[in-house]
Amino acid sequence: LPTNIFEKTIGNFQVNHSFNNFLIAKISQVRFSNDYGETWTRIDSLYTVFDIKQSPYDQDFYIGTRLMKGVVISHDGGQNWSFSNYGIEESDRALLDKVHFITDNILLLSGFRSENGGHNNITFIYRSEDQGQNWTKIMENDLNNGEPYLSLSSISINHNENIVFACMLGKGIMKSEDFG
């Protein structure tokens, strides 16, 4: 029978089987386990996390999005975190929802903001080509103008042909032939 190893509501988690560790993100906190969930340590420097991902190319590199704060990165397995918002507009940092690794250096990030009396009516996508150190906005849509909602809920990558398919939250699938 399955065993419940963490009895709280979680938003996201990452498992590194090579090192028997878990990193769990809740909106209010992040916890780490290096013994397959037998014991948990709270990472006090990181809270209000919306999304968190471990690089499939570097086991020590994590990236996350914090509500109202923007992007945070760790290069030591999630123990220490720093902000990485260069290029992300201040108004866009409040509600960054999803981040995805495309290659070892290229990342995509989506989010939304409220503008002109709307509620989360502006959606956007940023791209980084240097592991999240610098960001460039590549798309922005206004839902009030009938433009599609941009939220990278999940992605699939064909590395041989540089193709990225992105499932947009409730609005179909987009395709890029240049890694986003």
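Here the structure is shown first, and the text comes after it.
What counts and how
- Residues numbered from 1 in each chain as written.
- Predicted model: local features only at pLDDT ≥ 70, side-chain atom pairs only at ≥ 80, totals over all residues.
- Heavy atoms only, no water.
- Core = buried A, V, L, I, M, F, W, Y, C linked by side-chain atoms within 4.5 Å.
- Buried < 20%, exposed > 50% of the residue type's maximum accessible area, 1.4 Å probe, protein only.
- Helix = DSSP H or I, 4+ residues; strand = E, 2+ residues; numbered from the N terminus.
- Pairing = 2+ DSSP bridges.
- Salt bridge = Lys/Arg side-chain N within 4 Å of Asp/Glu carboxyl O.
- Polar contact = N/O pair within 3.5 Å; in protein donor to acceptor, adjacent residues only side chain to side chain.
- Axes fitted to C-alpha atoms, helices over the stretch in contact; angles between N-to-C directions.

A short note on the nonpolar core
Within the largest apolar cluster, 13 residues are counted, with the highest numbers of intra-cluster contacts made by Ile63, Val71, Ile88, Leu109 and Trp135. Only strand S7 (70-74), strand S9 (96-101), strand S10 (107-113) and strand S11 (122-128) provide two or more residues apiece to this core. With nine residues, the next largest nonpolar core counts Ile106, Ile125, Leu152 and Ala166 among its residues.

Let's talk about the sheet that holds strand S6 (residues 62-66)
Taken in spatial order, the four strands of this open sheet run S5-S6-S7-S8, and their pairing is antiparallel. The sheet terminates laterally at strand S5 (49-54) and strand S8 (82-83), the two strands that pair on one side only. Bridging between S6 and S7 involves five bridges; their strand directions are antiparallel. Each residue of the ladder has a partner; that of Arg66, found in S7, is Gly70.

Thoughts on unusual backbone geometry
Positive phi, close to 60°, is recorded for Gln131, a residue that is not glycine. Tracing the backbone through its elements, the reader meets Gln131 in the loop between S11 and strand S12 (136-142).

Regarding the pairing of S10
Of all seven residues that make up S10, seven are buried, and the element is covered over most of its length. In terms of strand pairing, S9 meets S10 through five bridges, oriented antiparallel. Considered in S10, the bridge of Lys98 is made with Ser110. Linking S9 back to S10 in an antiparallel pair, the connection comprises five residues. Summarising the sheet, S10 and S11 pair through seven bridges and their orientation is antiparallel.

Brief notes about the pattern of salt bridges
In this structure the tally under the stated criterion is seven salt bridges. The closest approach of N and O atoms between Lys137 and Glu89, which form a salt bridge, is 3.2 Å. In this pair, Lys137 sits in strand S12 while Glu89 sits in the loop between S8 and S9, placing the two residues 48 residues apart along the sequence. Between Glu90 and Arg93 there is a salt bridge, with its nearest N and O atoms 3.2 Å apart. Note on Glu90: relative accessible area 61%, which makes it exposed. In this structure, a network of salt bridges that share partners links the residues Glu89, Asp92, Arg113, Lys137 and Glu140.

Topic: the environment of Arg31
Examined against the element boundaries, Arg31 turns out to sit in strand S3 (residues 30-33). For Arg31, a relative accessible area of 24% gives the class partly exposed. Through-space distance from the C-alpha of Arg31 to that of Ile43 is 5.6 Å; in sequence the pair is twelve residues apart.

Some thoughts on the side chain of Arg127
Tracing the backbone through its elements, the reader meets Arg127 in strand S11. A distance of 2.2 Å separates a polar atom in the side chain of Arg127 from a polar atom in the side chain of Glu129.

A few points about the sheet that holds S10
Spatial ordering of the open sheet is given by S9-S10-S11-S12, a layout of four strands whose pairing is antiparallel. Of all the strands in the sheet, the pair left with one neighbour each is S9 and S12. Each adjacent strand pair in this sheet contributes to an overall mean axis angle of 15°, direction not counted.

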